[in-house]
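An overview of the molecular structure
Each chain is listed here by its residues.
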Amino acid sequence: MVWKQCPAADSRWVVLLALFLCLDGICCAPGCPASSHQKEEIAAAAEHLMAIGQLHPALACGERLTMLFPQDPIGYDILARVCFTGGDTECCTRFSERAYTLYESDAAGKARSKLVAANCFASSQDWENALKSYRAGSGCNLLSNEELATAYNNLGNVFRMLQRTSQAIENYIAAAKFSPHFADAYFNAGGLMVESGRVEEGTEALWQAVRGEAASIENWRALAGALEGAGSSVLAARAFHTLLRLLPSASSPSSSASSSAAAAAAAAAHHASAGGSPSSSRCKDVFFWARSLVKGGDVSEGVKAAKLGLWMLARGER
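First, a word on what this report is: a plain description of the structure on this page.

Our next topic: the pattern of salt bridges. Tallied over the full model, the rule gives twelve salt bridges. Between Arg81 and Asp77 there is a salt bridge whose closest N-O contact spans 3.1 Å. Taken as a pair, Arg81 and Asp77 lie in helix 4 (residues 74-86) at a separation of four residues, close to a single helical turn. Given the relative accessible area of 24%, Arg81 is considered partly exposed. Two residues, Arg221 and Glu218, come together in a salt bridge whose shortest N-O distance is 2.6 Å. Linking Arg221 with Glu218, this pair stays in helix 12 (residues 217-229), spanning three residues, or about one helical turn. Each of Glu47, Asp77 and Arg81 takes part in salt bridges that share partners, so that together they form one network.

This is the structure in structure tokens:
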């Protein structure tokens, strides 16, 4: 199997895993009777190992489960997810299909297997098969809202890759309905709406994407650009200002509108003198901020921001 971004197997984890599998009398020999409690313990070990990035020991857990419980889908489900994380899409697809078959009347289990297979198809850019699998998995109402939100967001991504814009937006919106705080869904929907000319709707979606405490820099950058494109220069300037406060290469400038540019310049100067590394896009964001300020009628602040941008360019920032 081909492993991508997979940590090398750590012998300590292999030893710990072997000890864990022998707890409570777990038998590791083929044909040896095993209990549901033992199955749960091995599955729990696999989940923990995957969570900390130890894929080879997790793979061993999955293989052990398929040996001890050959008609139970859990081992194949674990193997599929380990292979997907490791970058082996062929094995991932094979194991997920086997799990799908073994889940039989378990509709939720079947749906999750389809979603794992869909992830594999998407990662190998097999968009048509990914589309079929995401549709099959997202049609199960027994999954949690978070699972459905992720499925619909991923389905939207596939439609986007197929250049089916309206269907992509529909699925992003569906994802947001299942999880109202799912920033990625709002960001994806808003960005695509703006690109397709639905600027007002897209801007509102992008506002939703930045309302959470963990809003990303890219979400704020997309919102600021959308606001400026929509002619809302004052709001765009505020969004760019917030963006600059979030960038790692600057301290937080004052929230006061009258001193924001001067405070940002002081923060940038302090950071540069302290040996901070420049951000590749921060200088460009400062110029966009300056332009928005000027368009919004705050010429003096715009000039200050432009001077800051020129100062940054002189120091080699881009």
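Summed over all chains, the structure comprises one disulfide. With its sulfur 1.8 Å from that of its partner, Cys92 forms a disulfide with Cys120. The sign of the 60° torsion about the S-S bond sets the Cys92-Cys120 disulfide as right-handed. Here Cys92, found in helix 5 (residues 89-103), pairs with Cys120, found in helix 6 (residues 107-123); they are 28 residues apart in sequence, far enough to count as distant. Accessibility classification places Cys92 together with Cys120 in one group, the buried group.

What counts, and where the lines are drawn
- Residues numbered from 1 in each chain as written.
- Predicted model: local features only at pLDDT ≥ 70, side-chain atom pairs only at ≥ 80, totals over all residues.
- Heavy atoms only, no water.
- Salt bridge = Lys/Arg side-chain N within 4 Å of Asp/Glu carboxyl O.
- Helix = DSSP H or I, 4+ residues; strand = E, 2+ residues; numbered from the N terminus.
- Buried < 20%, exposed > 50% of the residue type's maximum accessible area, 1.4 Å probe, protein only.
- Disulfide = S-S within 2.5 Å.

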